[in-house]
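# Remarks on the overall topology
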Amino acid sequence: MLSLLSWFFGYVTVLVTGDKIERFMNLCALKRRDMWDFQIVEQGLQIKVRVSEYKNLRYAARQSGSRLHICEKHGLPFLLYRHRNRYGLAVGALVF
């Protein structure tokens, strides 16, 4: 159920780079930011976060001296944005 809600509202995969990734994580935990699926990669730390929480992560990144890079975008808002000019597709789905 959680994965369905995450897909419905959209989420992004973010790469956190820099020297103080631990401080970034501590600041996010202090502010209770909703993050999941932590993976340590060669460049830094890769996390998944809701789209609405991404703007709040930028403050923690600025405070800790880390950088954020969006790797992938997932979910319904991004799918709708990609197909925003395809009116025939939407009409066909409604007729079906």
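Up top is the structure.
Now for a quick tour of the structure. (Residues numbered from 1 in each chain as written. Predicted model: local features only at pLDDT ≥ 70, side-chain atom pairs only at ≥ 80, totals over all residues. Heavy atoms only, no water.)

Below, the discussion takes up the packing of aromatic side chains. All told, the structure shown has two aromatic pairs when counted by the stated rule. Seen from their ring centres, F8 and F9 are 5.2 Å apart, and the 80° between their planes marks the pair as edge-to-face. The exposure class of F8 is partly exposed, given its relative accessible area of 45%. Judged by relative accessible area, which is 53%, F9 ranks as exposed. Judged by centre distance (5.7 Å) and plane angle (55°), the rings of Y11 and W36 are tilted. On the criterion of sequence distance, the pair formed by Y11 in strand 1 (residues 11-17) and W36 in strand 2 (residues 35-40) is long-range, its members being 25 residues apart. On the basis of relative accessible area, Y11 is assigned to the buried category, the value being 15%. For W36, a relative accessible area of 26% corresponds to the partly exposed category. (Phe/Tyr/Trp six-rings, centres within 6.5 Å; stacked < 30°, edge-to-face > 60°. Buried < 20%, exposed > 50% of the residue type's maximum accessible area, 1.4 Å probe, protein only. Helix = DSSP H or I, 4+ residues; strand = E, 2+ residues; numbered from the N terminus.)

Summarising the sheet, strand 1 and strand 3 (residues 45-50) pair through six bridges and their orientation is antiparallel. In the sheet register, V14 faces strand 3, and the bridge partner there is I47. Relative to strand 3, strand 2 runs antiparallel, the two being bridged by four bridges. Pairing of M35 across the sheet is with V49, part of strand 3. Hairpin connection, strand 2 to strand 3: the antiparallel pair is bridged by four residues. (Pairing = 2+ DSSP bridges.)

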